[in-house]
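Fold and geometry: a report
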Amino acid sequence: QGDVMAGSMVLNSNSLHYDRFKAFTETEYEDMLYHKDAIALEINSRSYIPRMERVNENTKPLVDFMRGHPKIEKVWYPDSIQDPAIIKRGHGGLFSFVLKNREDSMEFYKNLRVCKGPSLGTNFTIACPYTLLAHYDELEWAEGLGIPRDLVRVSTGLEDADDLIKRFGDALNTV
């Protein structure tokens with residue numbers, strides 16, 4: 001629901017590095033999860049599967065729209081993975097793209113009517129200029145690895161797919 005964020009770490013006891021990682025976590029790990037955040041995570045996890053099903057249903061049409069739009073240069077989305085186990089679960093709600101005219105990226109972003117920020121997994125769609133946020137002090141390095149500085153990352157939420165397509169189309173029409 002966008003009201004809490006946390007992470008986890010799982011150690012594989014069959015890993016060659018298990019003993020080293022286990023010793024590190026025993027001496028360095030500090031549990032800083034606030035108890036009310038743990039409660040929110042548990043409550044939010046109850047509806048995880050139906051929410052992700054909806055996210056998957058919404059993301060594919062939006063990605064297809066973006067891929068077919070003449071102002072979009074490239075869309076990154078893992079739907080080329082054809083593993084049956086992944087197809088059964090879906091490819092998720094996270095995708096990234098760049099515009100053909102890179103100078104239009106910030107104008108597009110400014111006019112995109114979704115929440116803005118560096119998060120993912122919320123019930124609402126959120127977008128961010130990922131490379132600028134994650135690699136601001138090392139943009140040339142990131143671009144050298146093939147990560148465009150004007151890449152826009154989107155985490156699709158529970159909104160209706162047609163509504164999202166309209167919002168992205170409207171923002172594209174401003175550039």
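Residues numbered from 1 in each chain as written. Predicted model: local features only at pLDDT ≥ 70, side-chain atom pairs only at ≥ 80, totals over all residues. Heavy atoms only, no water.

Describing the sheet that holds strand β2 (residues 94-99)
Strand order in this open sheet of five strands is β1-β2-β5-β4-β3, and the pairing throughout is mixed. Taken across any chain shown, the strands that pair with only one partner, and hence form the sheet edges, are β1 (72-76) and β3 (115-116). Where β2 and strand β5 (residues 152-155) come together, four bridges link them in antiparallel fashion. Bridge pairing links F97 to V152 in β5. Against the sheet, helix α3 (residues 48-68) touches β1 and β2, its axis set at about 15° to β2. (Pairing = 2+ DSSP bridges. Helix = DSSP H or I, 4+ residues; strand = E, 2+ residues; numbered from the N terminus. Contact = heavy atoms within 4.5 Å. Axes fitted to C-alpha atoms, helices over the stretch in contact; angles between N-to-C directions.)

Here we look at the pairing of β5
Here β5 shows no split at all, with V152 and V154 on one side and R153 and S155 on the other all buried. Here strand β4 (residues 126-128) pairs with β5 via three bridges, running antiparallel. Bridging across to β5, A127 finds its partner in V154. (Buried < 20%, exposed > 50% of the residue type's maximum accessible area, 1.4 Å probe, protein only.)

Description of the layout of surface pockets
In this structure, the largest pocket occupies an estimated 630 Å³ of space. Residue lining of the largest pocket: 24 residues in total, with Y48, R51, L120, G121 and T122 positioned closest to the centre. Contributions of two or more residues to the lining of the largest pocket are made by α2 (35-45) and α3. Tallying contributions element by element places α3 first for the lining of the largest pocket, with four residues. Classifying every residue of the lining of the largest pocket by side-chain character gives 10 nonpolar, 12 polar and two charged. (1 Å grid on protein atoms, 1.4 Å probe; cavity = no way out; pocket = protein on both sides within 12 Å on 5 of 7 lines; lining within 4 Å. Points joined across faces, edges and corners; volume = space filled by probe spheres on them. Nonpolar A, V, L, I, M, F, W, Y, C, P; charged D, E, K, R; others polar.)

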